[in-house]
Amino acid sequence: MMATSANSARPAVSIVIGTLNRRWHLKRAIASVRAELLFPKAEIIVVDGGSDDGTQRWLAEQKDVTTIVQHNRGEWQGQPIPRQSWGHFMNLGFRAAKAPYICMLSDDCLVVPGAIRNGLERFEREGEDLGALAFYWRNWPEQDGYWVGRTFGGSVFVNHGLFRREAMASVGYADEEEFRFYHGDGDLVLRMEEAGWRCLD
């Protein structure tokens, strides 16, 4: 895994999580990340869409979490706030990330012990052209088995997993215009592969 000196301000991995009014889930997701890698090795960035369930208050108390609040509903000065896409919100976190690797998670995702550490070690072994690693995942308790999603041509799509920040930046991060929510993650991986990056499970 990438070594960082005691004086280095740069973490090994930036964890980016989007959320809206799901404090109960978010607290558990962040706890599972902390069990994997502690501050300052892991930087946790939460992009909040304007929660009003106490999420923002709780996040403000978490000294190891950087919170970006970007309201995505309601009104401001008598005008409706235009709804932004999934790509818009995630890109706020991706662009704020300081680490060479970015882990994208959902706010209801519990990280399997070892997943992030093993992924970082695999990046170091695989070489400079590895752009992304998709985590195997399952919807619990409905699913017993873990799986990885596939898109056109059998390419994996990374809805939970690790990205090389350089690879994401090379394709302009997630598309903010074409996909309101679903399929933005698959599109990101396809564009990375077109640019010559390998994306694996």
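All values reported here derive from a predicted model rather than from experimental measurement.

Moving on: the overall build of the chain. The helix and strand inventory of the chain stands at six helices and nine strands. The C-alpha radius of gyration computed for the chain amounts to 17 Å, which stays within 12% of the reference 17 Å derived for 201 residues, consistent with globular compactness. The principal-axis extents of the C-alpha atoms in the chain amount to approximately 50 × 40 × 35 Å. Here the chain, with 201 residues, has 46% of them falling under the buried criterion. Summed over its atoms, the accessible surface of the chain is roughly 10,700 Å², and 51% of this surface lies on carbon and sulfur atoms. Within the chain, one finds 23 positive and 27 negative side-chain charges whose respective centroids are separated by 6 Å.

Take the sheet that holds strand β8 (residues 161-164) next. Across the sheet, which stays open at both edges, the seven strands sit in the order β3-β2-β1-β6-β8-β7-β9 with mixed pairing between neighbours. Both edges of this open sheet fall to β3 (65-69) and β9 (198-200), since each of them pairs with a single strand only. Strand after strand, the sheet turns through a mean of 20 degrees between neighbouring axes, direction not considered. Bridge analysis of strand β6 (residues 101-106) against β8 gives four bridges, and the strand direction is antiparallel. The partner of Met104 across the bridge, within β8, is Gly161.

As a further point, take the packing of aromatic side chains. Taken as a whole, this structure holds two aromatic pairs when the rule is applied. Their ring planes at 40 degrees and their centres at 4.7 Å tell us that Tyr101 and Phe123 sit as a pair that is tilted. You can see Tyr101 sitting in strand β6 and its partner Phe123 sitting in helix α4 (residues 115-126), a full 22 residues away along the chain. Each member of the pair, Tyr101 as well as Phe123, is classed as buried. Taking the ring centre of Trp24 as reference, the NZ or CZ of Arg28 above it sits at 3.9 Å.

What follows deals with the nonpolar core. With 25 residues, the main nonpolar core has Val13, Ile15, Ile30, Val46, Cys103, Leu105 and Ile116 as its most contacted residues. Mapped by element, the contributors of at least two residues to this core are β1 (13-19), α1 (23-36), β2 (42-48), α2 (55-60), β6, α4 and β7 (130-134). Contact partners of Val46, with chain neighbours within four places excluded, come to Ile17, Thr19, Leu26, Ile30, Leu59, Val65, Thr66, Thr67 and Ile68. Among the nonpolar cores identified, the runner-up in size contains 24 residues, and Met104, Met168, Val189 and Cys199 belong to it.

So, on to the pattern of salt bridges. Applying the stated criterion across every chain, the model contains twelve salt bridges. A salt bridge links Asp108 to Arg22, with the nearest nitrogen and oxygen atoms 2.9 Å apart. Separated by 86 residues along the polypeptide, Asp108 in the loop between β6 and α4 and Arg22 in the loop between β1 and α1 bring together distant segments of the chain. The partly exposed category is assigned to Arg22, whose relative accessible area is 31%. Ionic pairing is found between Arg198 and Asp129, a salt bridge with its closest N-O pair at 3.2 Å. Residue Arg198 is found in strand β9, and its partner Asp129 is found in the loop between α4 and β7; the two are separated by 69 residues along the sequence. The partly exposed category is assigned to Asp129, whose relative accessible area is 34%. One network of salt bridges, in which partners are shared, links Arg122, Glu126, Asp129 and Arg198.

Our next topic: the side chain of Arg191. As for its placement among the helices and strands, Arg191 is situated in helix α6 (residues 184-194). A polar contact is formed between the side chain of Arg191 and the backbone oxygen of Val171, at a distance of 2.6 Å. Excluding residues within four positions of it along the chain, Arg191 makes contact with Val171, Tyr173, Ala174 and Asp175.

Let us now look at the confidence of the model for the chain. Residues at a pLDDT of 70 or more form 96% of the chain, whose mean pLDDT is 92. Residue range residues 1-7 is modelled with pLDDT below 50. Its contacts to residues more than four positions away, or to other chains, number eleven contacts.

Procedures and definitions
Residues numbered from 1 in each chain as written. Predicted model: local features only at pLDDT ≥ 70, side-chain atom pairs only at ≥ 80, totals over all residues. Heavy atoms only, no water. Helix = DSSP H or I, 4+ residues; strand = E, 2+ residues; numbered from the N terminus. Rg over C-alpha atoms; globule rule 2.2 N^0.38 Å. Buried < 20%, exposed > 50% of the residue type's maximum accessible area, 1.4 Å probe, protein only. Areas by Shrake-Rupley, 256 points an atom, 1.4 Å probe, with all protein chains shown as cover. Lys, Arg positive; Asp, Glu negative; His and termini not counted. Charge placed at Lys NZ, Arg CZ, Asp CG, Glu CD. Pairing = 2+ DSSP bridges. Axes fitted to C-alpha atoms, helices over the stretch in contact; angles between N-to-C directions. Phe/Tyr/Trp six-rings, centres within 6.5 Å; stacked < 30°, edge-to-face > 60°. Lys NZ or Arg CZ within 6 Å of the ring centre and 35° of its normal. Core = buried A, V, L, I, M, F, W, Y, C linked by side-chain atoms within 4.5 Å. Contact = heavy atoms within 4.5 Å. Salt bridge = Lys/Arg side-chain N within 4 Å of Asp/Glu carboxyl O. Polar contact = N/O pair within 3.5 Å; in protein donor to acceptor, adjacent residues only side chain to side chain. pLDDT = per-residue confidence, 0-100.

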